[in-house]
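Structural overview for review
These are the residues of each chain, in order.
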Amino acid sequence: MIDIRLARERPDWVKAQLAKTGVDGAEVDRLLGCEARRRSLKQELDRMRAERTRESRALGALGPAEREARRAAMRALGERIGALERELAQAEGEFQTLILGLRNIPRPDVPEGGTEADNQVVRSEGAPPQFSFEPRPHWELGERLGIIDFERGVKLAGTRFYVLLGEGARLERALIAWMLDLKTGAQGYTEVWPPLMVNSAAATGTGHLPRFRDTMYRDAEEDFWFIPTAEVPLTNLYRDEIVDVARLPIYLTAYTPCFRREKMSAGRDVRGIKRGHQFDKVEMVKLTRPQDSDRELLGLVEDACEVCRRLGLSFRVVRICSGDLGFASAATYDIEAWAPGLGEWLEVSSCSNCTDFQARRAGIRFRPEKGAKPEFVHTLNGSGLGLPRTLIALLENGQREDGSVVIPEVLRPYMGGKSAIEMPRQ
RNA sequence: GGAGAGGUGGCCGAGUGGUCGAAGGCACCAGAUUGCUAAUCUGGCAUACGGGAAACCGUAUCGAGGGUUCGAAUCCCUCCCUCUCCGCCA
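Residues numbered from 1 in each chain as written. Chains lettered and ligands numbered in written order. Predicted model: local features only at pLDDT ≥ 70, side-chain atom pairs only at ≥ 80, totals over all residues. Heavy atoms only, no water.

**Observations concerning the protein's contact with RNA strand B**
The full set close to RNA strand B counts 19 residues, and Arg8, Asp46, Ser56, Arg71 and Arg75 are the nearest of them. The share of sugar and phosphate among atoms of RNA strand B within 4 Å of the protein is 73%. For RNA strand B, a base nitrogen lies 2.7 Å from a polar atom in the backbone of serine 56. Among the secondary structure elements, those contributing two or more residues to the surface near RNA strand B are helix H1 (4-9), helix H3 (25-61) and helix H4 (64-100). Per-class residue counts for the surface near RNA strand B are 3 nonpolar, 4 polar and 12 charged. (Near = heavy atom within 4 Å. Polar contact = N/O pair within 3.5 Å; in protein donor to acceptor, adjacent residues only side chain to side chain. Helix = DSSP H or I, 4+ residues; strand = E, 2+ residues; numbered from the N terminus. Nonpolar A, V, L, I, M, F, W, Y, C, P; charged D, E, K, R; others polar.)

**Quick word on helix H5 (residues 138-145)**
Within H5, burial applies to His138, Trp139, Leu141, Gly142 and Leu145. Around the axis of H5, the buried residues are gathered within 160° of arc, so they sit on the same side. Next to the buried residues of H5 lie strand S2 (148-149), helix H6 (150-156), helix H12 (387-398), strand S16 (405-406) and strand S17 (420-421). A positive phi of about 75° marks glycine 146, the residue just after H5. (Buried < 20%, exposed > 50% of the residue type's maximum accessible area, 1.4 Å probe, protein only. Arc of directions from axis to C-beta. Contact = heavy atoms within 4.5 Å.)

**Looking at the domain arrangement of chain A**
Once the domains are mapped, chain A shows domain 1 (4-100) and domain 2 (116-421). Using only C-alpha atoms to locate each centre, domain 1 and domain 2 end up separated by 43 Å. Facing the 4 residues of domain 1 at the interface are 6 residues of domain 2. The three residues of domain 1 that bury the most area against domain 2 are Lys20, Thr21 and Leu100, which together make up 87% of that side's buried surface. Linking domain 1 with domain 2 are 2 residue pairs in polar contact (both at pLDDT 80 or more), by the criterion used here. Looking at the side of domain 1 that touches domain 2 residue by residue, the class counts come to 2 nonpolar, 1 polar and 1 charged. (Domains from an automatic or database assignment. Buried area = accessible area lost by both parts, 1.4 Å probe.)

**Remarks on the pairing of strand S9 (residues 278-288)**
Of all 11 residues in S9, 10 are buried, a share of seventy percent or more. Where strand S8 (residues 250-259) and S9 come together, 10 bridges link them in antiparallel fashion. Pairing of proline 257 across the sheet is with aspartate 280, part of S9. By the bridge criterion, 7 bridges tie S9 to strand S15 (residues 378-386) in an arrangement that is antiparallel. (Pairing = 2+ DSSP bridges.)

**Things to note about helix H2 (residues 11-19)**
Note: α-helices contain 3.6 residues per turn, so residues at a spacing of three or four share the same orientation. Listed in full, the buried residues belonging to H2 are Val14, Gln17 and Leu18. All buried residues of H2 lie within an arc of 95° about the axis, which places them on one face of the element. Looking at the buried residues of H2, the elements they touch are H1 and H3.

**Things to note about the pairing of strand S12 (residues 344-353)**
Pairing analysis gives 9 bridges linking strand S11 (residues 331-339) to S12, with the strands arranged antiparallel. Within the sheet, the bridge partner assigned to glutamate 336 lies in S12 and is glutamate 347. Taking the residues between adjacent antiparallel strands as the criterion, S11 and S12 are bridged by 4 residues, where glycine 343 takes a positive phi near 70°. Sheet analysis places S12 next to S15, joined by 3 bridges and oriented antiparallel. Of the residues in S15, the one forming a bridge with asparagine 353 is leucine 380.

**With respect to a negative patch on the surface**
A surface patch of negative charge is lined by Glu116, Asp118, Asp324 and Glu347. With respect to the helices and strands, aspartate 324 occurs in the loop between strand S10 (315-319) and S11. For aspartate 324, a relative accessible area of 32% corresponds to the partly exposed category. (Patch = residues over 30% accessible without salt bridge, like charges linked within 9 Å, V, L, I, M, F, W, Y side chains within 5 Å. Areas by Shrake-Rupley, 256 points an atom, 1.4 Å probe, with all protein chains shown as cover. Salt bridge = Lys/Arg side-chain N within 4 Å of Asp/Glu carboxyl O. Lys, Arg positive; Asp, Glu negative; His and termini not counted. Charge placed at Lys NZ, Arg CZ, Asp CG, Glu CD.)

**Looking at the side chain of arginine 136**
By the secondary structure assignment, arginine 136 is in the loop between strand S1 (120-125) and H5. A distance of 3.4 Å separates a polar atom in the side chain of arginine 136 from a polar atom in the side chain of glutamate 140. Residues in contact with arginine 136, not counting those within four places in the same chain, are Leu141, Arg144, Gly341, Glu396, Gln399, Glu401 and Gly403.

**Brief notes about the sheet that holds strand S13 (residues 364-366)**
The strand order across the open sheet formed by 3 strands is S7-S13-S14, and the pairing between neighbours is mixed. Where the open sheet ends on each side, the last strands, each with one partner, are strand S7 (241-243) and strand S14 (375-376). As defined by bridge partners, S13 adjoins S14 across 2 bridges and the pair is classed as antiparallel. Its bridge partner lying in S14, arginine 365 is registered against phenylalanine 376.

**What to know about the pattern of salt bridges**
For the coordinates displayed, the defined rule picks out 36 salt bridges. With a closest N to O distance of 3.7 Å, arginine 319 and aspartate 109 form a salt bridge. Of this pair, arginine 319 sits in strand S10 while aspartate 109 sits in the loop between H4 and S1, and the two are 210 residues apart along the sequence. Exposure remark for arginine 319: the relative accessible area of 10% places this residue in the buried category. Where glutamate 262 meets arginine 275, a salt bridge forms, and the shortest distance between an N and an O atom there is 3.4 Å. With glutamate 262 in the loop between S8 and S9 and arginine 275 in the loop between S8 and S9, the pair connects residues that are 13 residues apart, well separated along the chain. Here the two residues glutamate 262 and arginine 275 agree in accessibility, since each one is buried.

Structure follows, in structure tokens:
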């Protein structure tokens, strides 16, 4: 959530910043109006409670007869306090709804723009492969190789599910193991194996609740939400804690399956493995001091690029414009890998600086120095990478005319030394 | 799932209706002191919100939420969590 004090002190500035993301200034006005009402209610309530405390203590010292005489008046005061408390609770609830529903403020250097079309390609790396034949899409390659089974995925679960088989399953496992080795090795992240279900508090901490409850799967009876990304458990690891400043920055990584309803994307990307209800991802999360987060975002992007680079993929880095930023993000870079079969750039990673937005929601703080007041950390997250789209890029880039697929050098030790996935014998 | 015990400040731990935000201890910070690498003494030391230029003041917070009461850490109800034992299970 945003800093309500900032909004109170510089409402015009906050409105101007949020306007860049498409937020109507009236929303900020509503929030401030509600906050003012809440504050004045609290002030009046504080006065009345102070009176009650004072009088009650005096009563305690009195004899039974006098106490009895004043009881009615005190009771009336208690009832007025109760009424005011209910009123305050309602205002407080409204305020929480509003502030939890308001998105993060973009960093000042984020390019302004309304939609995806205004995103900027920052740089490109790696030449796209040239084919002497028409490159096939991954679903064709996967089915012919017998490593992706769409029909049986539908049989088991439904549309948007698939099954990886044989070398396909092995390749997925190889990618996970290799990526984690890279993250935990040269890149210095600490590996985490978190719960795949989290409670509402955690889902609220990262900004997924309350606004995006429709996008998550949940347990019907208990307060469990299937994680849409490992960002949720990783960022919430230190929820309601004051982390030792000497430990910052904290780098975390985890491989997890991710679960998304994809209701909003009905009809989009229905073919292939680009968008499923369940997918694997290796995620990176950083907790940093506020003054370090801009620099750490660049490092995060670089850590994701390095995965593409070592896989031999052709990729580009895209700076997301203000209007296309995610809810919690103040600055985002996407990394897109070229998929020659699909003929499109695939978002394989999205790296964001969420500044103090999530830290405020989740209560993650640090003490800059001994005796100083705790401040909110900055949180960052990025995919390193999303597995299905990486798999698409590998299959489509590595394909040969006979339908076999070359395995990148770095993955071969994880694939039993194999250098290619060959077509099955008829 | 059943039975029992328990959840109090950074930690340990007292407190069973009234100046209790909460004794005491540990840890921490400041000062004093001692000729020795630490001891002793004194003082300070929760968080959030609101008001105030500030000193400071007010309110809330003793797992969470309700209730009783003039007044609740303390009594009642519901829920959550932890521990022990039993059952069940990968």
